[in-house]
Amino acid sequence: MSTLEENAGPVNDPTTDYNIFDPEFVRDPYPTMHEIRESKCPIAHSNRWGGSWFPTRYDDVVAIAQEHEIFTSRDIIVVPRAAAQAEGPYAGVAAPPITSDPPDHHWHRRLILPVFAPQSVAKYEQGTRDLCNQLIDTFIAKGEADAGTDYAQQIPVRVIATMLGVPTEMADEFTGWVRGVLEVGLTDPKVRLESRLKILNFFRQQLDDRRKNPREDDLITDLLNSGDKYPVTDQYVLGVCNLMLVAGIDTTWSAIGSSLWHLAQHPEHRQQLRESPEMWPTAIEELLRAYSPVTMARIVDRDTEFQGCPMKAGDRILMSFPAANRDPRQFDQPNEVILDREHNRHVAFGSGIHRCAGSNLARLELRVALQVWLERIPEFSLVDPASVTWAGGQVHGPRICRVRF
Amino acid sequence: MRVKVDADSCQGQQMCSIAAPEIFGSDELGHATVLIEGDLPSELHAKARRAQANCPEDAIIIEE
Ligand code: HEM
Ligand code: SF4
């Protein structure tokens, strides 16, 4: 039940048979989400991909996220993992704190929060700005570029590498590994396992290196040295490194890509941002709401009825933050991008105890990437809307997105 | 009007400081702090309400 072929086939009724990897859903999931949300079953169920529930209303998604004792984070990937994945040398390595449940979740999260506070991430702003300018230098003279591959994809991986103290020259390799886990690997278990092994082997070496050569002001060294405060193990530190790479790259890259894709088609929004720079903070929140990249999963702990749905222990729930963020019960004109939207209680970063730890970094990267782009390339448009390619499932965003300027 | 943050509910995503940077700041973990002790000046009341409405954790308490 884990390959594209086994799960393909036409979807007649999305409320009983949605397919999150259907090419049309991957490209534009919002009409299907709308159809489910306004149907008799706003919490849909499908047997594809090992079976899952799919809540689409804001209140339901938030309620499930808050009930972390019943709806656990034992597995947060949107499809079941291949049996082989549980074995091998790294069987016990998870991705704390995202895969942790209380009580351990508390310290798993507590330990990494300080590096992500607004005042801590501010030190990456200038470096990110320089990076964005260098990327644009490589293509600005050509009058055409791929806003996905040449730009959006290049930024978060280098910021995270800097944060983890690992070589930024390995950016392409890191990107390949992360796509292997979060994109290609979701429908190809072999790729997923191989990519996971590459990530963990790499960080295993980094841990050994930091033990021998501790560094100043270095996240991995600091984590290894936190044993006096918390029961830190190598498995924990490996898991955190794994998560930072996996959670910090595809997600932010998708947010930057979707925002550029949107701006390429909306000259009036480009103009608004040029003329009213004070609008940036709300504009960033609005772009995150409208094009929320991330869907997570929960595993039901014990048989329970939720909004009339008979959920069984072990069932998977897809936490569609993208669907929640377009619920008209919560947002006026949810399908419109309103850059100065005042009332915006979006959940692009989730809700409850697992709310994104990296959100301040993600916001900074998104803002700087868009600001630098608009400074250098104020006017641009899609070369061919039909040729834009998309990734979906766990993380939604454009991959190839050619623009002309 | 006075504002408080319920530390048990706050998950530290700073939607409050985006809506009302004059009123909310961040501690070293990224959780919200209130920058104005005592009564808020009336010109900040609307912003305080907006911050409260935008907090996805219902962590902001307003006393009037
Ligand atoms: C626009 C970009 C991003 C989006 C939309 C996003 C979204 C999310 C979401 C929805 C969750 C909640 C997971 C759940 O409920 O199971 C989450 C958790 C998390 N994210 Fe992000 N994320 C982004 C960028 C980042 C970055 C740059 C980092 C930093 C490396 C990061 C690190 C984390 C961590 C560590 C968690 C786990 C928190 C916990 O379980 O306590 N994220 N993210
Ligand atoms: S918006 Fe709410 S949860 Fe977020 S930092 Fe402010 S008070 Fe805390």
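The model shown is predicted, which means the values in this text are computed figures rather than measured ones.

### With respect to the overall build of chain A
And then number 1: Across its full length, chain A holds 20 helices and twelve strands.
And then number 2: Structurally, chain A occupies a C-alpha span of about 60 × 55 × 40 Å along its principal axes.
And then number 3: Residues counted as buried form 59% of the 405 residues belonging to chain A.
And then number 4: Counting only contacts in chain A whose residues sit at least 6 apart along the sequence, the fraction spanning at least 24 positions is 72%.
And then number 5: Accessible area of chain A: about 16,200 Å², with a carbon and sulfur share of 52%.
And then number 6: Of the charged side chains in chain A, 42 are positive and 56 negative, and the gap between their average positions amounts to 2 Å.

### Notes on the nonpolar core
And then number 1: Membership of the largest hydrophobic core comes to 132 residues, with the highest contact counts inside it found for Y151, F203 and W373 of chain A.
And then number 2: Looking at this core element by element, the count peaks at ten residues for helix α20 (residues 359-376) of chain A.
And then number 3: C10, A19, L44 and A59 of chain B belong to the second largest nonpolar core, which has 17 residues in total.

### Here's the deal with the site of ligand 1
Residue and element names in this part refer to chain A.
And then number 1: Around ligand 1 there are 30 residues in total, and H105, R109, R298, H354 and C356 lie nearest to it.
And then number 2: Contact between ligand 1 and H105: an oxygen atom at 2.8 Å from a side-chain N or O atom of the residue.
And then number 3: Interatomic distance of 2.7 Å between a side-chain N/O atom of R298 and an oxygen atom of ligand 1.
And then number 4: For the shell around ligand 1, the secondary structure elements donating two or more residues are α6 (104-110), α15 (234-248), α16 (250-265) and β5 (295-300).
And then number 5: Element by element, the count of residues in the shell around ligand 1 is highest for α15, at four residues.
And then number 6: Grouping the constituent residues of the shell around ligand 1 by class yields 20 nonpolar, seven polar and three charged.

### As for the site of ligand 2
Residue and element names in this part refer to chain B.
And then number 1: Taken together, C10, Q11, G12, Q13, Q14, M15, C16, A32, C55, E57, A59 and I60 form the complete shell of residues around ligand 2.
And then number 2: Among the cavities detected, the one that contains ligand 2 is the second largest cavity.
And then number 3: Looking at the shell around ligand 2 residue by residue, the classes come out as seven nonpolar, four polar and one charged.

### Topic: the sheet that holds strand β9 (residues 381-382) of chain A
Residues and elements named next belong to chain A.
And then number 1: The strand order across the open sheet formed by three strands is β4-β12-β9, and the pairing between neighbours is antiparallel. Each edge of the open sheet carries a strand with a single partner, namely β4 (144-146) and β9.
And then number 2: In terms of strand pairing, β4 meets strand β12 (residues 402-404) through three bridges, oriented antiparallel. For E144, the partnering residue across the bridge sits in β12 and is R404.

### Notes on empty space enclosed by the protein
Rolled over the atoms, a probe as big as a water molecule pinpoints where empty space is left.
And then number 1: Going through the model one piece at a time under the given rule, you end up with five cavities of 30 Å³ or more.
And then number 2: Empty space within the largest cavity amounts to approximately 130 Å³.
And then number 3: Taken together, 16 residues make up the lining of the largest cavity; nearest its centre are F25, M33, T295, G393 and H396 of chain A.
And then number 4: Sorting the residues of the lining of the largest cavity by element identifies α3 (23-27) and β8 (316-320) of chain A as the ones contributing at least two each.
And then number 5: In terms of residue class, the lining of the largest cavity is built from ten nonpolar, six polar and no charged.
And then number 6: Its volume calculated, the second largest cavity comes out at about 120 Å³.
And then number 7: Taken together, 15 residues make up the lining of the second largest cavity; nearest its centre are C10, G12, Q13, Q14 and C55 of chain B.
And then number 8: For the lining of the second largest cavity, the per-class residue count stands at nine nonpolar, four polar and two charged.

### Section: the coordination of the iron atom of ligand 1
And then number 1: For the iron atom of ligand 1, the sole protein-derived donor is C356 of chain A (SG), lying 2.3 Å away.
And then number 2: Inspection of the secondary structure puts C356 of chain A in the loop between α19 (321-324) and α20.

### So, the interface of chain A and chain B
By a frequent convention, interface size equals the accessible area lost on bringing the separate parts together.
And then number 1: Across the contact, 24 residues belong to chain A and 19 residues belong to chain B.
And then number 2: For the pair chain A and chain B, the summed buried area comes to about 1,800 Å², and 47% of that belongs to carbon and sulfur atoms.
And then number 3: For chain A, the biggest contributors to the area lost against chain B are E342, R345 and R355 of chain A; these three give 31% of the whole.
And then number 4: Taken together, chain A and chain B are joined by three salt bridges.

### A closer look at the side chain of H269 of chain A
Residues and elements named next belong to chain A.
And then number 1: You can see H269 is positioned in helix α17 (residues 267-275).
And then number 2: On the accessibility criterion, H269 (7% relative accessible area) is buried.
And then number 3: Once you skip the residues sitting within four places of it in the chain, H269 turns out to touch H262, L263, V337 and L339.

### Points about the packing of helix α11 (residues 155-164) of chain A against α20 of chain A
A pair of packed helices is characterised by two quantities: the angle between their axes and the separation of those axes.
All names here are of chain A.
And then number 1: Contact geometry for α11 and α20: axes closest at 11 Å, N-to-C directions at 135 degrees. As judged from the angle between their axes, α11 and α20 are oblique. For the pair α11 and α20, the sense of crossing is right-handed. Taken together, the residues of α20 that come into contact with α11 (itself represented by I155, P156, V159, I160 and M163) are L361, E365 and A369.
And then number 2: Partitioning the contact of α11 with α20 into residue classes produces seven nonpolar, no polar and one charged.

### A word on the layout of surface pockets
And then number 1: In this structure, the second largest pocket encloses a volume near 510 Å³.
And then number 2: In terms of lining residues, the second largest pocket is bounded by 23 residues, among which P281, R363 and R367 of chain A together with S17 and I18 of chain B are the most central.
And then number 3: Listed by contribution, the elements that provide at least two residues to the lining of the second largest pocket are α8 (118-121), α18 (280-290) and α20 of chain A together with α1 (15-19) and α2 (45-54) of chain B.
And then number 4: Looking at the lining of the second largest pocket, the element that brings in the most residues is α18 of chain A, giving five residues.
And then number 5: Broken down by class, the residue content of the lining of the second largest pocket amounts to eleven nonpolar, five polar and seven charged.

The rules behind these values
- Residues numbered from 1 in each chain as written.
- Chains lettered and ligands numbered in written order.
- Predicted model: local features only at pLDDT ≥ 70, side-chain atom pairs only at ≥ 80, totals over all residues.
- Heavy atoms only, no water.
- Helix = DSSP H or I, 4+ residues; strand = E, 2+ residues; numbered from the N terminus.
- Buried < 20%, exposed > 50% of the residue type's maximum accessible area, 1.4 Å probe, protein only.
- Contact = heavy atoms within 4.5 Å.
- Areas by Shrake-Rupley, 256 points an atom, 1.4 Å probe, with all protein chains shown as cover.
- Lys, Arg positive; Asp, Glu negative; His and termini not counted.
- Charge placed at Lys NZ, Arg CZ, Asp CG, Glu CD.
- Core = buried A, V, L, I, M, F, W, Y, C linked by side-chain atoms within 4.5 Å.
- Near = heavy atom within 4 Å.
- Polar contact = N/O pair within 3.5 Å; in protein donor to acceptor, adjacent residues only side chain to side chain.
- Nonpolar A, V, L, I, M, F, W, Y, C, P; charged D, E, K, R; others polar.
- 1 Å grid on protein atoms, 1.4 Å probe; cavity = no way out; pocket = protein on both sides within 12 Å on 5 of 7 lines; lining within 4 Å.
- Sits in = over half its atoms within 2 Å of the grid points.
- Pairing = 2+ DSSP bridges.
- Points joined across faces, edges and corners; volume = space filled by probe spheres on them.
- Donors = N, O, S within 2.8 Å, 3.2 Å for Na, K, Ca; no water.
- Buried area = accessible area lost by both parts, 1.4 Å probe.
- Salt bridge = Lys/Arg side-chain N within 4 Å of Asp/Glu carboxyl O.
- Axes fitted to C-alpha atoms, helices over the stretch in contact; angles between N-to-C directions.
- Parallel < 35°, antiparallel > 145°, perpendicular 65-115°, else oblique.
- Left-handed = near helix turned anticlockwise from the far one by under 90°.

It is worth stressing that arrangement in space is one thing and function is another; only the former is reported here.
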